[in-house]
There are 2 protein chains.
Amino acid sequence: MKFDDIIAKVQECGKKTVAVAAAQDSAVLEAVREAKKRGIADAILVGDEPKIREIAASLEMDLTDYEIIHEPDMAQAALTAVKLAHDGKVDMYMKGLVDTKNFLKSVLDKEVGLRTGNPLSHVAVFDIPSIDHLLFLTDVAFMTYPTLEDKVNIINNTVPVCKACGVDMPKVAPLAAVEVVNPKMPATVEAAELMKMNEEGQITDCIVDGPLSLDLAIDPEAALHKGATDRKIQGDADVLLFPDIHAGNLVYKAIVHMTDMKNGCILTGTKVPVILTSRSDSFETKVNSIALAAVVASNQ
Amino acid sequence: MKFDDIIAKVQECGKKTVAVAAAQDSAVLEAVREAKKRGIADAILVGDEPKIREIAASLEMDLTDYEIIHEPDMAQAALTAVKLAHDGKVDMYMKGLVDTKNFLKSVLDKEVGLRTGNPLSHVAVFDIPSIDHLLFLTDVAFMTYPTLEDKVNIINNTVPVCKACGVDMPKVAPLAAVEVVNPKMPATVEAAELMKMNEEGQITDCIVDGPLSLDLAIDPEAALHKGATDRKIQGDADVLLFPDIHAGNLVYKAIVHMTDMKNGCILTGTKVPVILTSRSDSFETKVNSIALAAVVASNQ
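Positions within a chain are numbered from 1, following the residues in the order the chain's sequence is written. Note on labels: chains are lettered from A, ligands numbered from 1, in written order. Whole-chain, interface and lining totals are the exception, using all residues; otherwise, since this is a predicted model, local features are given only for residues with pLDDT of at least 70 and side-chain atom pairs are given and counted only at 80 or more. Processing note: side-chain calculations cover all non-hydrogen atoms of the structure and skip hydrogens and water entirely.

## Description of the packing of helix α4 (residues 74-86) of chain B against helix α5 (residues 100-108) of chain B
Residues and elements named next belong to chain B.
Okay, so step 1: The interhelical angle for the contact between α4 and α5, taken along N-to-C directions, is 35°, at an axis separation of 9 Å. For the pair α4 and α5, the sense of crossing is right-handed. Here α4 contributes Ala75, Ala78, Leu79 and Val82 to the contact with α5, which in turn contributes Asn102, Ser106 and Val107.
Okay, so step 2: Amino acids are sorted into nonpolar (Ala, Val, Leu, Ile, Met, Phe, Trp, Tyr, Cys and Pro), charged (Asp, Glu, Lys and Arg) and polar (every other residue, Gly among them). Its residues placed into classes, the contact of α4 with α5 shows five nonpolar, two polar and no charged. Simply put, an axis is a line fit to the C-alpha atoms, just over the touching stretch for a helix, and the angle between two N-to-C directions goes from 0 to 180 degrees. Strands are runs of DSSP state E lasting at least 2 residues, helices are runs of H or I lasting at least 4, and numbering of each runs from the N terminus. Left-handed describes a crossing in which the near helix is turned anticlockwise from the far one by less than a right angle; the clockwise case is right-handed. Between two residues, a contact is recorded if the distance between any of their heavy atoms is within 4.5 Å.

## With respect to the packing of helix α1 (residues 3-13) of chain B against helix α11 (residues 283-299) of chain B
All names here are of chain B.
Okay, so step 1: Where α1 meets α11, the axes come as close as 9 Å, and the angle between the chain directions of the two elements is 50°. Considering the angle they form, α1 stands oblique to α11. Seen from above, α1 lies across α11 with left-handed handedness. In this structure, α1 contributes Phe3, Ile6, Ile7, Lys9, Val10 and Cys13 to the contact, and α11 contributes Asn288, Ala291, Leu292, Ala294, Val295 and Ser298.
Okay, so step 2: Residues belonging to the contact of α1 with α11 are distributed by class as follows: nine nonpolar, two polar and one charged. When an angle is under 35 degrees it counts as roughly parallel; over 145 it counts as roughly antiparallel; between 65 and 115 it counts as roughly perpendicular; any other value is oblique.

## A short note on the pattern of salt bridges
Okay, so step 1: What makes a salt bridge here is a side-chain nitrogen of Lys or Arg within 4 Å of a carboxyl oxygen of Asp or Glu, nothing more. Enumeration according to the criterion identifies 32 salt bridges over all chains in this entry.
Okay, so step 2: The salt bridge partner of aspartate 87 of chain A is lysine 83 of chain A, with a shortest N-O separation of 2.7 Å.
Okay, so step 3: Between aspartate 215 of chain A and lysine 253 of chain B there is a salt bridge; the shortest N-O distance is 3.7 Å. Taken together, the positions of aspartate 215 of chain A in helix α8 (residues 214-218) and lysine 253 of chain B in helix α10 (residues 245-258) put the pair across two chains.
Okay, so step 4: The class of aspartate 215 of chain A is buried, set by a relative accessible area of 1%.
Okay, so step 5: Salt bridges sharing partners connect three or more residues here, namely Glu179, Asp215 and Lys226 of chain A together with Lys253 of chain B. Classification of residues uses two cut-offs on accessible area relative to the type maximum, computed with a 1.4 Å probe and protein chains only: under 20% is buried, over 50% is exposed, and between them is partly exposed.

## A few points about the interface of chain B and chain A
Okay, so step 1: Tallying the contact residues gives 38 residues for chain B and 38 residues for chain A.
Okay, so step 2: Buried area adds together the accessible area that both of two parts lose upon being put together, with accessible area traced by a 1.4 Å probe. For the pair chain B and chain A, the summed buried area comes to about 3000 Å², and 74% of that belongs to carbon and sulfur atoms.
Okay, so step 3: If you sort the residues of chain B by the area they bury against chain A, Leu250, His257 and Met258 of chain B come out on top, with a joint share of 24%.
Okay, so step 4: Counting the contacts that link chain B with chain A gives two salt bridges.
Okay, so step 5: In protein, a polar contact means a hydrogen-donor-capable atom and an acceptor-capable atom, both N or O and within 3.5 Å, with residues adjacent in sequence counting only if both atoms are side-chain atoms; elsewhere, any N or O pair within 3.5 Å suffices. In this assembly, chain B and chain A are joined by four residue pairs in polar contact (both at pLDDT 80 or more).
Okay, so step 6: Elements represented by at least two residues in the side of chain B that touches chain A include exactly α7 (186-199), α8 (214-218), α9 (220-225) and α10 of chain B.
Okay, so step 7: Here the side of chain B that touches chain A gets 11 residues from one element, more than from any other, and that element is α10 of chain B.
Okay, so step 8: For the side of chain B that touches chain A, the residue count by class is 22 nonpolar, nine polar and seven charged.

## Quick look at the nonpolar core
Okay, so step 1: Grouping buried Ala, Val, Leu, Ile, Met, Phe, Trp, Tyr and Cys residues that are joined through side-chain atoms within 4.5 Å yields what is termed a nonpolar core. Ile6, Ile40, Leu45, Met92, Phe136, Ile155 and Ile290 of chain A are the most contacted members of the largest nonpolar core, which has 60 residues in total.
Okay, so step 2: Among the elements that line this core, the one with the most residues is helix α11 (residues 283-299) of chain A, at nine residues.
Okay, so step 3: Among the nonpolar cores identified, the runner-up in size contains 59 residues, and Val123, Val167, Ile266 and Val287 of chain B belong to it.

## What about the relation of the copies chain B and chain A?
Okay, so step 1: Superposing chain B onto chain A requires a rotation of 180° together with a translation of 0.0 Å along the rotation axis, leaving an RMSD of 0.0 Å. The superposition operator between the copies reduces to a two-fold rotation axis. Across chain B, the rotation axis passes nearest the C-alpha of alanine 247 of chain B, at a separation of 1.9 Å.
Okay, so step 2: Both copies present the same face, since 100% of the interface residues in chain B are matched by interface residues at the equivalent positions in chain A. Superposition of the copies used a least-squares fit over C-alpha atoms from residues whose pLDDT is at least 70 in both.

## Observations regarding the side chain of serine 121 of chain A
Residues and elements named next belong to chain A.
Okay, so step 1: Residue position: serine 121 is located in strand β5 (residues 121-127).
Okay, so step 2: Of the residues examined, serine 121 reaches a relative accessible area of 0% and is grouped as buried.
Okay, so step 3: A distance of 3.0 Å separates polar atoms of two side chains, one belonging to serine 121 and the other to asparagine 157.
Okay, so step 4: If near-sequence neighbours (up to four positions away) are discounted, serine 121 is found in contact with Asp139, Phe142, Ile154, Asn157, Ile266, Leu267 and Thr268.

Shown next as C-alpha cells:
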C-alpha cells in the first residue's frame, strides 16, 4: 500500500470528522478544505469565528458546510475541540493556531482529553518511491530518549497504525548504526531485548528483529549482499524504530528536506488519532496526515 | 562545487597514486581501473599477485601500467601498502580485501602507519540535487559517541577536506533534533559549546552554529519560514556534525538506500587520505571516494 491507497481506503470507509483547535490558521484551513474536497474528512472548526471567516474569505473558502464553534481563547478552544473527540462526536483531533504546549495540555487533560493510559508517541508514515510499501518511522518528534519500556509502548502504539494501513503483521526494526549487539552501544542491547520480548510473547501482533542497520532494514539487495539470510527482516521492515529523537528526527528531516517523498504524521497512544502538524510542514503533509488519521480512526 | 567538479579538479591537479592493501578484490580493482581511466589516480596493487592477475583477467583489465607488489598475507600486505603512503611514495591508501580490523591496524601502526596525533574520523561527502553545494557528513561510520573534545577534533579533521573541495570557510552545523539548547538534551548543550569555542577562537577556519535542526541547517526556505534570520547558518551549512554514530549512520544510510544521490567517503586525521569503502558501497561511491581522496591529497 502507498499513500494514494490510504486516501482511496478512507474514501471507501466514508468521510470522518475532525475537530480543529483554534482553526484561525490559513494553512490548516486550506488542508481541511482539501481533505473535505477529496472525501477524506469533514471538520468542526473551533476558534475565533470572525478570524476564521476572515481567513476563509481570503482563501475563497466556502464555510457553508462547516460547523463553527466560536471560542476566541486558544487554550479554551483546544479544550472545547478535544472534548468533541473525547465525547465521540468527532473521529480525529487536529492542532490549529494554538501553540503545541496548550494543544498537548488539552490532549492530556484528565477530564476532556484523550488519554488511554499509554504514553503518547509519534509516527511518520512515508511513501518512498524505491520501496513498494509504506514505512512507519517512530519516534521522530515526541519521545526524546525512550527507555526499553517506552520502546515497547511505541511499538504497541504503532502496530494499530500499520494494521489500519493494511499491514497485518508489521515487521519492526529497532535501528542502530550496526546490526550486531555491542555492549558499548546501549541501543543495540535494547534492540536485541525487544526482539527477545517479541519471541517470548511480551510484544505481540508484529515481528521484531533487531538490532538492524538501516540498509538491512529497508534494502533487500543490501541484506542479500551482506548475507543476512537468517534474519526475520531482510530489507522488508515496515516500522523503523529509532534509538532516540536525534536519530529519528534527523532521518525524518533528511528525507523531507532532501527529497520530495510524501509523508503524513499522527500522534498515537490516544483515544482518537491526533494531528499535530507544524507550520513548516507542507500542504501535502497536512492533507496526508488527516488521511492517515482518518484511516486509523476507521479502524479503531 | 558538486561531485563532478571534484573529479574535474583532480584531473586538473594531475593524477595521484593510491596504494591498495590486498588488492585481490574485483570491486576494488574495477574502481581502481575506472579512477585510472578518468585521470584521477594510478595505483600500486599490494597483495596476492596470482589472484590479482586472475581477477583482472576475469574483468578484462589490463595490468601493464600497474606496479604490483606480491604479498599473499593480507595483514602484511596492508603494512607494506601503508608504508608506501607513510614514506611519501603514494598519495592515498585504500582498503582492498583485507578486513577492516587489520586495515585500521596498519593505518595506526606506530612505525609505518599514518598517525598524526589527531584521532581518526570519517567524512562522507554528498552531492544532493536540491542543494547547490556539497554536504560533508561526519561522523557517520567511525567515532561512536564523540565527546566534546572528539567533536572539536572531528571539525579540525573535516575543515581541510572542505577546503580541498573549494569551501574556504565552511559552515559547520552541530545537529540535534531541535535548534535550541535544552539541558535535558546533552547534544544541544555540546553544540552550543562548540559554537562558543568557535567564537572564542578555539575552533578556527570555519563558522560553527549550533544546535541546529536539520531543516535550519540545509533548507534556506525552512530557515526563513522559522524566522531564523539572526543565525550564522540559515539553511546553508556545509558540514553536518552528528551527535552520535546512530544518528549519523542512519541519516547516511537513509540517503544512500532511499535515493540515488552521489557520495564519496574518506578517513581523515591521517597523514594521507585513507579510503575505507565497504563491500556494500556502490562502484560509483568507490570511484568518488578515490576522487575525494585525490583532491584532499592535492591540497595537503
